[in-house]
Each structure stands twice: as structure tokens, then as C-alpha cells.
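Each chain is listed here by its residues.
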Amino acid sequence: MININKFVSIRKKLGLSQTELCNGICTQSTLSKFENNGRIPSLKILNSLCDRMNINVADIMDVDSNKKISHKLFEADFAVIQLDFPKVAQILSSVNKDELVRQEDILHYYYLRGLLALNLDHAKTDALYYFNSILDTNLSKQNKIYYLLALKGCSQVYDLQDDVYKARHYYDIILSSISNVPLEDEDSLLQFLSILCNGGEFYGRNDDYEQSDKLLNMGYDLCKKRHVIYFAARLLYQLAQNNIAENGSPQKTAQYLNDSAAFARLNNNHVLLEKINKLA
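These lines cover the structure that appears in this document, whether it is placed above or below.

Quick notes on the rules
Residues numbered from 1 in each chain as written. Predicted model: local features only at pLDDT ≥ 70, side-chain atom pairs only at ≥ 80, totals over all residues. Heavy atoms only, no water. Helix = DSSP H or I, 4+ residues; strand = E, 2+ residues; numbered from the N terminus. 1 Å grid on protein atoms, 1.4 Å probe; cavity = no way out; pocket = protein on both sides within 12 Å on 5 of 7 lines; lining within 4 Å. Points joined across faces, edges and corners; volume = space filled by probe spheres on them. Core = buried A, V, L, I, M, F, W, Y, C linked by side-chain atoms within 4.5 Å. Buried < 20%, exposed > 50% of the residue type's maximum accessible area, 1.4 Å probe, protein only. Contact = heavy atoms within 4.5 Å. Salt bridge = Lys/Arg side-chain N within 4 Å of Asp/Glu carboxyl O. Axes fitted to C-alpha atoms, helices over the stretch in contact; angles between N-to-C directions. Parallel < 35°, antiparallel > 145°, perpendicular 65-115°, else oblique. Left-handed = near helix turned anticlockwise from the far one by under 90°. Nonpolar A, V, L, I, M, F, W, Y, C, P; charged D, E, K, R; others polar. Phe/Tyr/Trp six-rings, centres within 6.5 Å; stacked < 30°, edge-to-face > 60°. Lys, Arg positive; Asp, Glu negative; His and termini not counted. Expected span 1.5 Å × (residues − 1). Arc of directions from axis to C-beta.

### Some thoughts on the environment of Leu183
Right, on to step 1. Note that Leu183 resides in the loop between α11 (164-177) and α12 (186-205).
Right, on to step 2. A C-alpha to C-alpha distance of 17 Å links Leu183 and Phe78, two positions 105 residues apart in sequence.

### Description of the layout of surface pockets
Right, on to step 1. Estimated volume of the largest pocket: approximately 600 Å³.
Right, on to step 2. Lining of the largest pocket is provided by 26 residues; of these, Gln156, Asn198, Glu201, Arg205 and Arg234 occupy positions nearest its centre.
Right, on to step 3. Mapped by element, the contributors of at least two residues to the lining of the largest pocket are α5 (63-81), α7 (103-119), α10 (144-160), α12, α14 (232-245) and α16 (270-279).

### Observations concerning the nonpolar core
Right, on to step 1. Formed by 74 residues in total, the largest nonpolar core has its most connected members in Val88, Phe192 and Leu193.
Right, on to step 2. In contact with Leu193, other than residues within four places in its own chain, are Gly219, Leu222, Cys223, Val228 and Phe231.
Right, on to step 3. By size, the runner-up hydrophobic cluster in this structure holds 18 residues, among which are Ile10, Cys22, Met53 and Val101.

### Overview of the environment of Ala89
Right, on to step 1. Within the element layout of this structure, Ala89 appears in helix α6 (residues 85-93).
Right, on to step 2. The partly exposed category is assigned to Ala89, whose relative accessible area is 24%.
Right, on to step 3. Distance from Ala89 to Ala79, taken between C-alpha atoms, is 9.6 Å for residues ten residues apart in sequence.

### What to know about the pattern of salt bridges
Right, on to step 1. Scanning the model with the defined rule gives seven salt bridges in all.
Right, on to step 2. Between Arg205 and Asp159 there is a salt bridge, with its nearest N and O atoms 2.2 Å apart. Taken as a pair, Arg205 in helix α12 and Asp159 in helix α10 lie far apart in primary sequence, 46 residues in all.

### Side note on the packing of α10 against α11
Right, on to step 1. Running from amino to carboxyl end, α10 crosses α11 at an angle of 160°, the nearest separation of the two axes being 7 Å. With respect to α11, the element α10 is oriented roughly antiparallel. Like other packed secondary-structure pairs, α10 and α11 cross with a definite hand, here left-handed. For the pair formed by α10 and α11, the contact residues are Lys144, Tyr147, Leu148, Leu151, Lys152, Cys154, Ser155, Gln156, Tyr158 and Asp159 on the first element and Lys166, Ala167, Tyr170, Tyr171, Ile173, Ile174 and Ser177 on the second.
Right, on to step 2. Classifying every residue of the contact of α10 with α11 gives ten nonpolar, three polar and four charged.

### Thoughts on the packing of aromatic side chains
Right, on to step 1. Here the structure, examined in full by the defined rule, presents eleven aromatic pairs.
Right, on to step 2. Between Tyr110 and Tyr130 the ring centres are 5.9 Å apart and the planes differ by 40°, which places this aromatic pair in the tilted class. Placement of Tyr110 in helix α7 and of Tyr130 in helix α8 (residues 124-135) is noted, with a sequence separation of 20 residues between them. Here the two residues Tyr110 and Tyr130 agree in accessibility, since each one is buried.
Right, on to step 3. Through successive ring pairs, a cluster of aromatic residues spans Tyr109, Tyr110, Tyr129 and Tyr130.

### Observations concerning the side chain of Lys152
Right, on to step 1. Considering the arrangement of structural elements, one finds Lys152 in helix α10.
Right, on to step 2. Of the side chains with opposite charge, Glu201 lies nearest to the buried Lys152, which makes no salt bridge, at 8.2 Å.

### Focus: α11
Right, on to step 1. Taking 1.5 Å per residue as the helical rise, α11 with its 14 residues ought to reach 20 Å, and the 20 Å between its terminal C-alpha atoms agrees with that figure.
Right, on to step 2. For α11, the set of buried residues is Ala167, Tyr170, Tyr171, Ile174 and Ser177. All buried residues of α11 project into a common sector of 120° when viewed along the axis, lining one side. In α11, those exposed residues whose orientation departs by more than 90 degrees from the buried face are Tyr165 and Ser176.
Right, on to step 3. Along its buried surface, α11 packs onto α10 and α12.

### Concerning empty space enclosed by the protein
Right, on to step 1. Enumeration over the complete set of coordinates arrives at two cavities of 30 Å³ or more.
Right, on to step 2. In this structure, the largest cavity encloses a volume near 70 Å³.
Right, on to step 3. What lines the largest cavity is Asp77, Val80, Ile81, Tyr111, Leu115, Leu190, Gln191, Ser194 and Phe231.
Right, on to step 4. Elements supplying a minimum of two residues to the lining of the largest cavity: α5, α7 and α12.
Right, on to step 5. In the lining of the largest cavity, the residues fall into six nonpolar, two polar and one charged.

### Describing unusual backbone geometry
Excluding glycine, residues mostly carry a negative phi; peptide bonds, for their part, are mostly trans.
Right, on to step 1. Of note, Asn180 is a non-glycine position whose phi angle comes to about 60°, a positive value.
Right, on to step 2. With phi around 60°, Asn247 is a residue other than glycine that occupies positive phi space.
Right, on to step 3. Within the secondary structure, Asn247 sits in the loop between α14 and α15 (250-266).
Right, on to step 4. Given the relative accessible area of 70%, Asn247 is considered exposed.

Structure follows, in C-alpha cells:
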């Protein structure tokens, strides 16, 4: 929720009258209705008013409100890991896009909407719209992880269209940009692991096992180092598939599948468990 008292307090500390603040942005009536009656203007107007006071809209949001939105998007990430896209749809339906004010939340929302369009609605054009909305904005240049996630999303779209050339083009850009990605929190760590996992799966499906194994092992080493398990099952499952394709030892394949199944059970990933049982 917007903390209107904080907004008014900042305006007065800056010595700005309502007329001075809203000049060229909106009518004084609009600003007065916001400050006195709680009628929130459009996000475009609110952004402009905040810019004039050298603050961000996030600066006048209640902390609890920002946390609730971030928590919902983070919860949707976990549903993606489990391939539970109906749950992703349910979570996103409870998020009001117009209430997203933090740049990170806006990028996160578009990324999840793109995945949802791709995996649940099978609307490839809509998916590309959301991923390109991230790439087309200057915001993605300031947040490398979402830039890479949007590239991954575009590649997934073309991969599903059997356009391997375009899909590989996007993954090759990712490979050239994958170093020195800041992993400051659990969310960015999981998102980076999703890039490694999807990249490993893509190259494996297209018989580039050397590149696939490199990404998969990088992801699995990161899981062990940071003590996370959420992508370990998929990483190991693809390593098993690669090993079979390369005529590796059956013992190694069995070990990959056993470990993958163990992590899948911990994550309640029934979709992957079914795939493992068919391959074992």
C-alpha cells in the first residue's frame, strides 16, 4: 500500500506546494484527491511526481506491501521448479500488476507471465511479448539476471517451434554473458540455476553433450556449494540422459537416476519422478 502521509511529509520537507509539484504532470485536483482523500493516481503520474521529488515510488510503499508482493513472486518461482503451472497462474492472479512499483518486481512479473503463457496457455506469441518486454526496457540492463532469464525465455519459445538456429542463438548469448552474475539472495540463486538447467537440457537435446554437461555440472556444483536442492533433480536427470546418449557406463546412469529421484521426492516433484521411472 502507498504511504500517503510519507509522500506528503517528503513534499513539505522539500518546500514544494501542491501547485509546484503537479505542474506539467497532473491537475492540482488530482494531487489533492490523492493526498487528502487517498485516491491514488495512475502509476505514470505517481512515478512522475516521485521523480520530481527525487524519490522512487517504492520509497513511499509500506515495507510489508513490498514484502508480500515479492513473497508471492518467489512462491511462483517454486511452483515453476515443480512444473506446477496451474499454481503459478493462481498466484499471479492474486498480483495486481498496477501495484508493482519496484523494478525487480516488474521484471520478475513479466518473466513469470512469459513462462505461464509458454507452458500453460501454449501461447508462444504472448510469451515472446513478455520476454521481449524485459529485453526492450532499460531496466534489464541494470539487472543482469532478468536479462539472462528473458534470453532463456526467448530461446525456449523458438525451441518449442523447432527453430533450433534461433534457440541456439539466444543460448549462445547467455553463455557469453553468464560469468560474474551477482547471486546475492536465494531468489537470484534459483533463477541462475534455472538458466543453467534449461541450457543444459537444451544442449543435451541437440546432441551437444560437452556444453550440456558443462552447464549441468556447474549447476550441480552450485547446488552443493550453496546447499540448495531445488534444481538438483532436473540437473541429475539430464546428466543421466546425456550419459545414456554417449554410451556411458550403466552404473553411472543408475547413480544419476537414483540421486535425481531422491531429490525429486524431497521436492515433491511428481512430474519428474514419473519421467525417472520410465527411464530407469
